Each structure stands twice: as structure tokens, then as C-alpha cells.
Amino acid sequence: GRRGRGACRAVAPAPAPNAAGAAGARVFNFSAGPATMYEDVLLEAQAELVNYKGCGMSVMEMSHRGKDYSAIHDKAEADLRALLGVPDGYSVIFMQGGATLQFAALPLNLAAREDAVDYVVTGSWSKKAAQEAEKFCARVNVTQGDNASIPDVGAWNLSDESQYVHMCANETIQGVEFKALPDLGDKIVCSDMSSNFCSKPVDVGRYGVLYAGAQKNIGPSGLAFVVVRDDLMESARPDTPVMMHYKTLAEARSLYNTPNCWAIYMAGLVFDKLLKMGGLEEVERFNLAKCAVVYDAVAASQGFYSCPVDPAVRSAMNVPFTIPSSEDLEKLFIKESAAAGLANLKGHRSVGGMRASIYNAMPMEGVEALAAFMRDFQERHG
């Protein structure tokens, strides 16, 4: 038929597959990222994939300068600001390169080469961030944790003249999570929140910069969110690459070049859903209930399973666990769980064991199925 003219208009979506039927064909995906997404969001995107709201084209085909995509872009930013409660004086930037690009962008924007910066290392990702900073700053003061706990703040190696303190809010691999931000006085705090972003409320005003990759709690990979205090954007080095230059990107509203339009669209659908769920307070309540199911299953096993992380800082998002008596049983657990529709429970290659990543979109039925499988496996092999 003839294509419509003008702006997108509301039209009835194409019939979606039966939700229950689709769920029946899907596994419970415990991948650390890319990770499980809300099925209703996927179905909404599916219905709009070919012809977005009557535009006659997909979001992936739109001009990023056009008014139809602009509406998507603006709403995604506004909803993220509402979710996080971003105060005045902060910019929200949609960037490419994942959170890993921020390991370099942060020192380039906030510190000179001769400056000191502080890094608190509680696992693999904060270690990588500190290593990257060493390429750009003369002094990187590291507080080294043991990958299973968080050092007492009184023992942190902080320099009086450091430009910022960096930490990883949740270590995806080790399952170590800051439950609250320590009181660091007037220090500028920067945080990698990739694996617990939008999983709970955060007091943005206590941070100088927070950043996160999208592919765990929010949407597809290839997108990162940066929330930065505006005054800090004046410190960028002259040779900072333009695609890492916070002020340039913020002033261009994340449209300096063609952004990852599809990932921003998908993120926007998720932000809208989280707001309709009641915001991050409600999201956190659900996440705490879910992770308790898995941790309780470990505790109830009387040592058959073990979690190596200090209980005070165990992650609500990533639950590592082992079978201390036998690596062969761990391999069998991974094989049998996959056959039972519990996908991607193998631990990270650097630490082994198992890991259940239970991000926002993991339903309660998923963690209950995992706990039931853990009990059954122990009965058969314990």
C-alpha cells in the first residue's frame, strides 16, 4: 500500500505472539551481559520493528536528526533523569564504547597527566579501570581489596591532592557490591555502576561522575550512560579525543555524531517500564527478594554450595557460588542446569565455579527454578 506522510502517528501494533507461548520457548538466562531483558519490552520492540508507530520505517532506519527519533531520544533522557533523580547541574550523556571506554575518558576529562587519582580495587573491573588510568596519570593510588570484601574506608589509600576517587559499585565477576557510598568528605567520587545501574536508588548528587554499560540491566550492548557534574567538564585535556570529550558530547545532547539509536530506543522502553513499576525503590525491593532466594539456597545446602563473598557486601545482581568438594560436580551442574533451561550459569573464566546474574528483568520464577534445581542436584550428588 501507499506509504503514509508526515510525523509518526499512533497505530494499532501488529499482533504479538502469545506471551505465555513465547515464554515457554525461552530459557531463564543468567548471563552476566548481554543479559535477559523484559519480555514485554522485547515484544513491544518486535511489534514496532518494521514500522515504528506508522512512520513507514524502523527506528534503525530513522535520521538521528529527525523529529521522530528526537522524541525517542528526549524521552529516554528525561525518563532516566526521573528514575535516578538527577539534580540540576548534571548532564546525562549517551555514549558508545561501553563502560570500558570510560576507563580512559574519566582521567582525560578530570585530571592532568601530572595529577594524582585514587582507585579502590574490589574486583576485576575496578582493577582494569586503575590499570587504564596509569596510562594517563602520573600517580594512581590504589587501595587493593581481596576480591571478596570491601576494605574498611579508614584503610583506603587516598591522596590529599587526588582529582577523584574511583570505585566499582558492583563487581560483576566477583559479586562484591557497595551497599552504600562511604563518607569521603569533599572528594570527587566516580563510580562504574555497570552491573547495578537502575537496580536501586542512588543519590546522584554525591557523585562527580557515574557511568554504566547498558547491557546488564537496561538493554542491548553498545551503549553507555554517563552522568557528570557540569563543573567537572571544564577540566578536560586539550588532546582528549572528541568522542570522549564530555563537554562536547553534552552540549551536542549526545548527538555529536550518529548515536546508537536502536539501543537508546530500547533503553527508553526499559526506563518507561521501570517508572511504571514504581521507580527504583520498587525495583530494589523486588531485586532483594530475588537474590535472597539464591543466597538462602546456598546457606541451606550446609556447605554443599559455597559463596566466597563477605555476606555484608554480597551482590544483589551477581551471585557467584561453588561446589567446594568437586570441580567435576561444578561442570556437571553447569551441563545439567543448561539442559533444564537455566542458561549461562558458568562462572567467569578467571574465577570458575558458577555465577547467577539476576538483573532487573530476571523474573522471580527464574530464581525459584534455580533454587529448586540446586536442591535437586544436591539430593542426587551430595
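Above: the structure in question.
The paragraphs below set out a description of the structure included in this document. Residue indices follow the written sequence of each chain, beginning from 1 at its first position. Local features are withheld for residues below a pLDDT of 70 in this predicted model, meaning they are given only at 70 or higher, and side-chain atom pairs are given and counted only at 80 or more; totals for whole chains, interfaces and linings count all residues. Hydrogens and water molecules were not included; the side-chain quantities draw on all heavy atoms of the structure.

All right, on to the overall build of the protein then. Helix and strand definitions follow DSSP, with helices as H or I runs of at least four residues and strands as E runs of at least two, each counted in order from the N terminus. On a plain count of helices and strands, the protein comes out with ten helices and 13 strands. Its C-alpha atoms give the protein a radius of gyration of 22 Å, near enough to 21 Å, the size a compact globule of 382 residues would have. Taking the principal axes of the C-alpha coordinates as reference, the protein spans close to 65 × 65 × 30 Å. For the protein, the residues scored as buried account for 53% of the 382 residues in total. For the protein, the share of sequence-separated contacts (at least 6 apart) that also reach a separation of at least 24 residues comes to 69%. Areas reported as accessible are Shrake-Rupley estimates using a 1.4 Å probe. Residue values count occlusion only from the protein chains shown. When the accessible surface of the protein is summed, it comes to about 16,800 Å², and 51% of that surface belongs to carbon and sulfur atoms. What the globule rule says is 2.2 Å times the number of residues to the power 0.38, and the radius of gyration is computed from C-alpha atoms. Whether a residue is buried, partly exposed or exposed follows from its accessible area with a 1.4 Å probe, protein chains only, as a fraction of its type maximum: under 20%, in between, or over 50%, in that order. When checking whether two residues touch, look at their non-hydrogen atoms; a contact exists if any pair is within 4.5 Å.

Here we take up the state of the cysteines. To count as a disulfide, a pair of cysteine sulfur atoms needs to be within 2.5 Å. The tally for this structure, following the rule as stated, stands at zero disulfides. Looking at C137, it has no disulfide partner, and the nearest cysteine sulfur is the one in C190, 11 Å off. Assessed through its relative accessible area of 5%, C137 is described here as buried. In this structure C261 is a free cysteine whose sulfur lies 13 Å from that of C55, the closest cysteine sulfur available.

What follows covers helix 3 (residues 67-84). With 18 residues, helix 3 ought to run about 26 Å at 1.5 Å a step, and its terminal C-alpha atoms sit 26 Å apart, in line with that. Every buried residue of helix 3 is accounted for by Y69, S70, I72, H73, A76, E77, D79, L80, L83 and L84. Looking at the packing, one finds that the buried side of helix 3 touches strand 2 (90-95), strand 10 (224-229), helix 7 (261-276) and helix 8 (280-300). Phi turns positive one or two residues past the end of helix 3, at G85, with a value near 65°. Residue count minus one, scaled by 1.5 Å, sets the expected span of a helix.

Turning next to the pairing of strand 11 (residues 318-321). Because side chains alternate across strand 11, one face comprises the buried residues N318 and P320, and the other comprises V319 and F321, equally buried. Examined bridge by bridge, strand 11 and strand 13 (residues 354-357) share four bridges and lie antiparallel to one another. The residue of strand 13 that forms the bridge with P320 is R355. Following DSSP output, two strands are said to pair if at least two bridges run between them.

To get an axis, fit a line to the C-alpha atoms, keeping to the stretch in contact for a helix; angles then go from 0 to 180 degrees between the N-to-C directions. At their nearest, the axes of helix 8 and helix 10 (residues 364-381) sit 9 Å apart, and the two run at 5° to each other. Taken together, the axes of helix 8 and helix 10 lie roughly parallel to each other. Facing F286, A289, K290, V293, V294, A297 and V298 of helix 8, the residues of helix 10 in contact are M364, V367, E368, L370, A371 and M374. The residue makeup of the contact of helix 8 with helix 10, split by class, is eleven nonpolar, no polar and two charged. Roughly parallel refers to an angle under 35 degrees, roughly antiparallel to one over 145, roughly perpendicular to one between 65 and 115, and oblique to any angle outside these ranges. Only Asp, Glu, Lys and Arg are considered charged, only Ala, Val, Leu, Ile, Met, Phe, Trp, Tyr, Cys and Pro nonpolar, and every remaining residue, Gly among them, polar.

Attention now goes to helix 7. Helix length check: helix 7, at 16 residues, gives a terminal C-alpha distance of 23 Å against a target of 22 Å (1.5 Å per residue), a fit within 8%. Burial analysis of helix 7 places twelve of its 16 residues in the buried class, which makes it a mostly covered element. The complete set of buried residues in helix 7 reads C261, A263, I264, Y265, M266, A267, G268, L269, V270, F271, K273 and L274. Packing partners of the buried residues in helix 7 comprise helix 2 (39-48), helix 3, strand 2, strand 10 and helix 8. Phi turns positive, to about 120°, at G278, one or two residues after helix 7.

Right, let's talk about the packing of aromatic side chains for a bit. Under the pairing criterion, centres of Phe, Tyr and Trp rings, with the six-membered ring standing for Trp, must be within 6.5 Å; the plane angle then separates stacked pairs below 30 degrees from edge-to-face pairs above 60, leaving the rest tilted. Evaluation of the coordinates by the stated rule reveals 16 aromatic pairs. For the pair F321 and F333, a centre-to-centre distance of 5.7 Å together with 85° between the ring planes defines the contact as edge-to-face. Taken together, the residues F321 in strand 11 and F333 in helix 9 (residues 327-339) connect sequence positions twelve residues apart. The two residues F321 and F333 agree in class, both being buried. Members of the aromatic cluster, each reached through a chain of ring pairs, are F304, Y305, F321, F333, F373 and F377. Charge over a ring is defined by NZ of Lys or CZ of Arg lying within 6 Å of the ring centre and within 35 degrees of the ring normal. A cation over a ring is seen here: K128 above W125, with NZ or CZ 5.7 Å from the ring centre. One cation-aromatic arrangement involves K273 over Y38; the distance from NZ or CZ to the ring centre is 4.9 Å.

The next point concerns the nonpolar core. Buried Ala, Val, Leu, Ile, Met, Phe, Trp, Tyr and Cys residues form a nonpolar core when they are joined through side-chain atoms within 4.5 Å. In this structure, L80, L84, M167, F197, C198, I218 and F225 are the most contacted members of the largest nonpolar core, which totals 54 residues. Put simply, the parts of the chain that give this core at least two residues each are helix 2, helix 3, strand 2, strand 5 (165-168), strand 9 (209-213), strand 10, helix 7 and helix 8. In terms of residues, this core owes the most to one element, helix 7, which gives ten residues. When neighbours within four sequence positions are excluded, L80 is seen to be in contact with V86, V92, F94, F197, C198, F225 and F271. With 35 residues, the next largest nonpolar core counts A35, V309, M317 and L345 among its residues.

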